[in-house]
Number of protein chains: 2
Amino acid sequence: MSTAVSGSSASGAGAVTTGPIEGSTKHYVAVPGEPGMSVPVRRVHLTTGEHHDLYDTSGPYTESDVVVDLAAGLPALRAGWPRHPGTQLAAARAGVVTPEMRYCAAREGVPAETVRAEVAAGRAVIPANHRHPELEPMVIGKAFGVKVNANIGNSAVTSSIAEEVDKMVWATRWGADTVMDLSTGPRIHETREWILRNSPVPVGTVPIYQAVEQAGGDPAALTWEMYRDTVIEQCEQGVDYMTVHAGVLLRHIPLTAHRVTGIVSRGGAIMAAWCLAHHRESFLYTHFAELCEILQRYDVTISLGDGLRPGSVADANDAAQFAELRTLGELTRVAKSHGVQVLIEGPGHVPMHLIEENVRLEEELCEEAPFYTLGPLTTDIAPAYDHITSAIGAAMIARAGTAMLCYVTPKEHLGLPDRDDVKTGVIAYRIAAHAADLAKGHPRARERDDALSRARFEFRWHDQFALSLDPDTARAFHDETLPAEPAKKAHFCSMCGPKFCSMRISADVRAGLAGKAAEFAGAGGQVYVPIESVGSQP
Amino acid sequence: MSTAVSGSSASGAGAVTTGPIEGSTKHYVAVPGEPGMSVPVRRVHLTTGEHHDLYDTSGPYTESDVVVDLAAGLPALRAGWPRHPGTQLAAARAGVVTPEMRYCAAREGVPAETVRAEVAAGRAVIPANHRHPELEPMVIGKAFGVKVNANIGNSAVTSSIAEEVDKMVWATRWGADTVMDLSTGPRIHETREWILRNSPVPVGTVPIYQAVEQAGGDPAALTWEMYRDTVIEQCEQGVDYMTVHAGVLLRHIPLTAHRVTGIVSRGGAIMAAWCLAHHRESFLYTHFAELCEILQRYDVTISLGDGLRPGSVADANDAAQFAELRTLGELTRVAKSHGVQVLIEGPGHVPMHLIEENVRLEEELCEEAPFYTLGPLTTDIAPAYDHITSAIGAAMIARAGTAMLCYVTPKEHLGLPDRDDVKTGVIAYRIAAHAADLAKGHPRARERDDALSRARFEFRWHDQFALSLDPDTARAFHDETLPAEPAKKAHFCSMCGPKFCSMRISADVRAGLAGKAAEFAGAGGQVYVPIESVGSQP
């Protein structure tokens, strides 16, 4: 791992983390039938001589000898691709398999026709603005691997553009499939430009934040025209998907009056304030068709925001939440009639027994448009550990059919996530997504678990680290007690100690079963004496 | 928080953490109908003047002015209690409500008769060796709050007796309901003595570890007599429950031959090695009735170990695992016929879609004896994060009916957990247990979430911290960006910044709804401008 310094740190960009993840190298695998097209993989090199290819979200930054120039941005991968005049949805409906569909299919290991069919049905989306050519296309839908989004965005107070570009690269290094730039403040346009030009993954935004700034910070002063102009500006820049809280209607607001935590979505709160101040229907709702015409021209995917999501288990699955969801279903049909690809955002805070109902209703009301949920957090009582309270809910809701999970970091509810929090959040969510892929029987998911477990049973420590979600930390934990290189081949770890490893005894048992019973019995001394067992399991 | 130094650190005991958890004080609530009996609670004092009592596992160590003398041990709480001649199970079947049942009922907030009925049915156990009078009795069963066990135990290489006593106190401070002492090495008896005399929670062990030591470390040299004498020694000391791997039969061993990770239970591997070396049936199985007669005399609860639990998702729910479970069902009936209370241990590594089947089969085969599971880990690919991979499975299996969860720390598979790992493991498992209690509709669970969420919505930061599982870390995360005391009353945090908090806007909206629409509209300036949003959610 190293850092590449931008050619123009003066302009605000600084250094980002580059180089391969330990134990693996970046490879590009050719796509059959697509001359010149290849898709990235993280190739794990095993000590057995075999290799294991993993889905790779990290872009060129993990190449071995990459030279990064943040000022120049990433190469325009899609520049030369033939483009269908309409959106991916329009193409799919017309029976056209686009290069983006072939690229996504190759990454997922499925036939391109499967991607086309899912996109045509509105069960999957490929967020890929025509003006974001640097993008490595990816598909979001329940027929494919569960995806993870990481929120970044600068703070006028504590963060610079360089830090946010670094956070984007850092988040995708550990497995973020998309990033949302929630930047605000004076340099919002410039920050977004740096992130877009250097992002290999789809970038999402919430345009209302910038629009409110243009309204002098007063939601009541917002107008449709201000919002529309902001959306066009962001479409022109290349934003791939936008969260729009068009489901917060005037009549929904009183339904939040007696909630424990009211309205916890910032976009939702802004629109509720606007509706109430003017006692008029949301301009996002009344101008929704016009908005769709704009998004359609760039193939920007609309992510229908859940402005009334529950912010506590007490408010989960309540009248306000489901009233908005019904409205999102209505808007889904309008957006798709314009050829716009649609994501539906979901909660929030939801106790385990109420999670599946969210997926069932979303699929019923929103024509199975890909569900994109924040967690959900399964309890409110663990601030500082909400990456865990929500990883539980995220794994369950993904298993039930959610296509993409928005991460939650340990700082949720408490403060600004730093670089370490971003990594912790991404890893916790890759765990939730992978656990769901396993439960759904995703063809490739089990291969990685089995490869790692075989390495574990055969004491191939380097392979176990290399196949893990975070080789650096796995190795560091092992090194805390056994730093020497020989320990990386040893038939034990410090958990049970050198003389009492169940897997070692189990290997002896297996040898015994292999007809060597007598020899084994004579070699009883090889079944070691326990001397260490702190924290080990009975 | 402070530390109390033992009166005899020379004898091996050192200092332990004492004093109340931030924002709360230790109280003892009188038990109606039991003169002189009171149960401990963590009383959280809210800034509203109200207080909120929480279940408390921490013993006298969290009293404000506690004086701890580790050499003397804790007061013998149960010394004066009338004792039924038999076990809690025998008493319950005879219709007798013991003091222990009343104590547990008061802690759980249920009628004593409910505890008696569940114990009589074998659906709950109260691990309470007659010779562990320092114990604050607790009940384990699916009708009650989900419990958490923490494994401790010294290492000849890296840990002292003092460190293990401190780990026990530390684990119970953060919510461990029981601890298992997995100590090995030369000072195993002395270490266990220090832990037992100072433990307010039930202490469990795995006697086979000590027995193998007496057999010179060679499983093949083990005899029933060696094992029996070890069990009697531990019963005399006051161990409350013991893991016995009596379900690993000779005929089961070949079923593990083609597993990806073989046998991963240390006790299971030892017994498999013994059976194979002698080509005889397990002495734990052939002498099981005699073992039960010993345990019955002390009312030691037997925890039937899952020696053949899966160590990888590939091996989950396989023939070996379920063959052993059927044998555990048979042994459950034998143990209960001797009046012995029974726990059943469960896996391990299990993907989400195979979790519920484990609970269904356990209840069917083992007469609903309380299920006690390790995790399960829902994927194998995240070494260094297995507290998270397993918290997902633990929450799901507890919701399905598991009564107690054995924690997993971030060091699982990699090395020795330290003090921080113990705390992280306990908190992750308290999250899983509480999420399950919420999903099961446990009457008290929701109260804490609602109290914390009300504090959150009203910006009562001190109350939010005090009601959380880990006030120290929640406060520390908040202080990283807003250390000043006034920020503890501020209507924002650094996540969304001072001028753009959805909950603040939501409060304005609520004010607007409260008939102040005009005033609200005029006060648009009070609906703040966004300047910070790093990591905040759309």
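Residues numbered from 1 in each chain as written. Chains lettered and ligands numbered in written order. Predicted model: local features only at pLDDT ≥ 70, side-chain atom pairs only at ≥ 80, totals over all residues. Heavy atoms only, no water.

- Under an unreviewed UniProt entry, the name given to chain A is Phosphomethylpyrimidine synthase, and the source organism is Rhodococcus aetherivorans.
- UniProt annotates chain A under Function (unreviewed entry) with the comment "Catalyzes the synthesis of the hydroxymethylpyrimidine phosphate (HMP-P) moiety of thiamine from aminoimidazole ribotide (AIR) in a radical S-adenosyl-L-methionine (SAM)-dependent reaction."
- A UniProt comment under Sequence similarities (unreviewed entry) is attached to chain A, and it reads "Belongs to the ThiC family." (UniProt positions renumbered as here; feature names shortened; annotations may be inferred.)

### What to know about the overall build of chain A
Part 1: Broken down by element type, chain A carries 18 helices and 15 strands.
Part 2: A compact globule built from 538 residues should have a C-alpha radius of gyration of about 24 Å, and chain A, at 25 Å, falls within 12% of that.
Part 3: Oriented by its inertia axes, the alpha-carbon framework of chain A measures out at about 90 × 55 × 50 Å.
Part 4: Of all 538 residues assigned to chain A, the portion counted as buried reaches 68%.
Part 5: In the structure as shown, chain A presents an accessible area of about 15800 Å², 54% of it carried by carbon and sulfur atoms.
Part 6: Here chain A contributes 48 positively and 65 negatively charged side chains, and the mean placements of these two sets differ by 4 Å. (Helix = DSSP H or I, 4+ residues; strand = E, 2+ residues; numbered from the N terminus. Rg over C-alpha atoms; globule rule 2.2 N^0.38 Å. Buried < 20%, exposed > 50% of the residue type's maximum accessible area, 1.4 Å probe, protein only. Areas by Shrake-Rupley, 256 points an atom, 1.4 Å probe, with all protein chains shown as cover. Lys, Arg positive; Asp, Glu negative; His and termini not counted. Charge placed at Lys NZ, Arg CZ, Asp CG, Glu CD.)

### Topic: the packing of aromatic side chains
Part 1: Enumeration over the complete set of coordinates arrives at 14 aromatic pairs over all chains.
Part 2: Measuring from ring centre to ring centre gives 6.3 Å for tyrosine 241 of chain B and tyrosine 372 of chain B, while their planes differ by 75°; the resulting arrangement is edge-to-face. One end of the pair, tyrosine 241 of chain B, is in strand 11 (residues 241–244); the other, tyrosine 372 of chain B, is in strand 14 (residues 371–374), with 131 residues separating them in the sequence. Here tyrosine 241 of chain B and tyrosine 372 of chain B have matching classes, each one buried.
Part 3: A centroid spacing of 5.0 Å and a plane angle of 85° characterise the contact between tryptophan 274 of chain B and phenylalanine 283 of chain B, whose relative ring orientation is edge-to-face.
Part 4: Each member of the aromatic cluster is reached from another via a ring pair, and the members are Trp224, Tyr227, Trp274 and Phe283 of chain A.
Part 5: The aromatic ring of tryptophan 174 of chain A is capped on one face by lysine 423 of chain A, whose charged end is 4.0 Å from the ring centroid. (Phe/Tyr/Trp six-rings, centres within 6.5 Å; stacked < 30°, edge-to-face > 60°. Lys NZ or Arg CZ within 6 Å of the ring centre and 35° of its normal.)

### Some words on the nonpolar core
Part 1: The biggest cluster of nonpolar side chains holds 278 residues, and the ones touching the most others in it are Ile208, Tyr227 and Ile302 of chain A together with Ile208, Tyr227 and Ile302 of chain B.
Part 2: With residues near it in sequence (within four places) discarded, isoleucine 208 of chain B still touches Leu222, Tyr227, Gly267, Ile270, Met271 and Phe283 of chain B.
Part 3: Among the nonpolar cores identified, the runner-up in size contains 14 residues, and Ala91, Ala92, Met101 and Ala124 of chain A belong to it. (Core = buried A, V, L, I, M, F, W, Y, C linked by side-chain atoms within 4.5 Å. Contact = heavy atoms within 4.5 Å.)

### Focus: the UniProt feature "binding site: Zn(2+)" (unreviewed entry) in chain A
Part 1: Per the UniProt annotation, the sites labelled "binding site: Zn(2+)" (unreviewed entry) are His349 and His413 of chain A. For the annotated residues, spread through 65 residues, the largest C-alpha to C-alpha distance comes to 12.2 Å, consistent with a single compact locus.
Part 2: Position of histidine 349 of chain A relative to the elements: it lies in the loop between strand 13 (342–346) and helix 12 (355–365).
Part 3: A residue is classified by how much of its surface remains accessible, and histidine 349 of chain A, at 5% relative accessible area, is buried.
Part 4: Beyond its immediate stretch of four places on either side in the chain, histidine 349 of chain A contacts Pro310, Gly311, Ser312, Val313, Ala316, Pro376, Leu377, Asp380 and His413 of chain A together with Arg456 of chain B.
Part 5: Here the side chain of histidine 349 of chain A touches aspartate 380 of chain A through a polar contact of 2.8 Å, side chain to side chain.
Part 6: Locating histidine 413 of chain A in the fold gives a position in the loop between strand 15 (404–406) and helix 14 (419–439).
Part 7: A polar atom in the side chain of histidine 413 of chain A sits 3.4 Å from the side chain of histidine 349 of chain A. (Polar contact = N/O pair within 3.5 Å; in protein donor to acceptor, adjacent residues only side chain to side chain.)

### Quick notes on the side chain of glutamine 88 of chain A
Residue and element names in this part refer to chain A.
Part 1: The topology assignment puts glutamine 88 in helix 1 (residues 88–93).
Part 2: We classify glutamine 88 as buried; its relative accessible area is 6%.
Part 3: Contact partners of glutamine 88, with chain neighbours within four places excluded, come to Thr98, Glu100, Met101, Val119, Ile126, Asp299 and Gln341.

### Some details on the confidence of the model for chain A
All names here are of chain A.
Part 1: For chain A, the mean per-residue pLDDT works out to 90, and 90% of the residues sit at or above 70.
Part 2: Contacts of residues 4–13 to residues separated by more than four positions or lying in other chains number 24 contacts, the stretch itself having pLDDT below 50.
Part 3: Considering only residues more than four positions removed or in separate chains, one finds that residues 516–538, a stretch of pLDDT under 50, has 95 contacts. (pLDDT = per-residue confidence, 0-100.)

### Some thoughts on the interface of chain B and chain A
Part 1: Contact with chain B, which involves 141 residues of that partner, is made by 140 residues of chain A.
Part 2: Across the chain B/chain A interface, buried area totals approximately 11200 Å², and carbon plus sulfur atoms make up 67% of it.
Part 3: Joining chain B to chain A, the criterion identifies two salt bridges.
Part 4: Our count for the contact surface shared by chain B and chain A stands at 22 residue pairs in polar contact (both at pLDDT 80 or more).
Part 5: Class assignment of the residues belonging to the side of chain B that touches chain A gives a composition of 74 nonpolar, 42 polar and 25 charged. (Buried area = accessible area lost by both parts, 1.4 Å probe. Salt bridge = Lys/Arg side-chain N within 4 Å of Asp/Glu carboxyl O. Nonpolar A, V, L, I, M, F, W, Y, C, P; charged D, E, K, R; others polar.)

### Some words on the domain arrangement of chain A
Residues and elements named next belong to chain A.
Part 1: On domain assignment, one finds that chain A holds domain 1 (103–442) and domain 2 (444–519).
Part 2: Each side of the interface is counted separately: domain 1 has 13 residues, and domain 2 has nine residues.
Part 3: Both faces considered, domain 1 and domain 2 share a buried interface measuring about 870 Å² in area, 60% of it formed by carbon and sulfur atoms.
Part 4: Joining domain 1 to domain 2, the criterion identifies one salt bridge.
Part 5: By residue number, the principal contributor to the side of domain 1 that touches domain 2 is helix 14, which donates seven residues.
Part 6: Across the side of domain 1 that touches domain 2, the residue classes tally to five nonpolar, three polar and five charged. (Domains from an automatic or database assignment.)

### Points about the packing of helix 6 (residues 207–214) of chain A against helix 7 (residues 224–237) of chain A
In a pair of packed helices, the angle between the axes and the distance between the axes together describe the arrangement.
Residues and elements named next belong to chain A.
Part 1: The geometry of helix 6 relative to helix 7 is characterised by a closest axis approach of 9 Å and an angle of 125° between their N-to-C directions. Here helix 6 is positioned oblique relative to helix 7, judged by the angle of their axes. The chirality of how helix 6 crosses helix 7 is right-handed. Listed contacts from helix 7 to Pro207, Ile208, Gln210, Ala211 and Gln214 of helix 6 are Met226, Tyr227, Thr230, Val231, Glu233 and Gln234. (Axes fitted to C-alpha atoms, helices over the stretch in contact; angles between N-to-C directions. Parallel < 35°, antiparallel > 145°, perpendicular 65-115°, else oblique. Left-handed = near helix turned anticlockwise from the far one by under 90°.)

### Digging into the relation of the copies chain B and chain A
Part 1: With an RMSD of 0.0 Å, chain B superimposes on chain A once it is rotated by 180° and translated 0.0 Å along the axis. On this basis, the relationship between the two copies can be described by a two-fold rotation axis. When C-alpha distances to the rotation axis are compared across chain B, the minimum falls at isoleucine 392 of chain B, with a value of 2.3 Å.
Part 2: Both copies contact each other with a shared surface, as 99% of the interface residues of chain B are interface residues in chain A too. (Least-squares fit on C-alpha atoms with pLDDT ≥ 70 in both.)

### Quick look at the sheet that holds strand 9 (residues 178–181) of chain A
Residues and elements named next belong to chain A.
Part 1: Spatially, the eight strands close up into a barrel ordered 8-9-10-11-12-13-14-15, and their pairing is parallel. Going across the sheet, the axis of each strand differs from the next one's by a mean of 25°, ignoring polarity.
Part 2: In this fold helix 4 (residues 161–173) packs onto strand 8 (147–152) and strand 9, with an angle of close to 165° to the strand it touches most, strand 8. (Pairing = 2+ DSSP bridges.)

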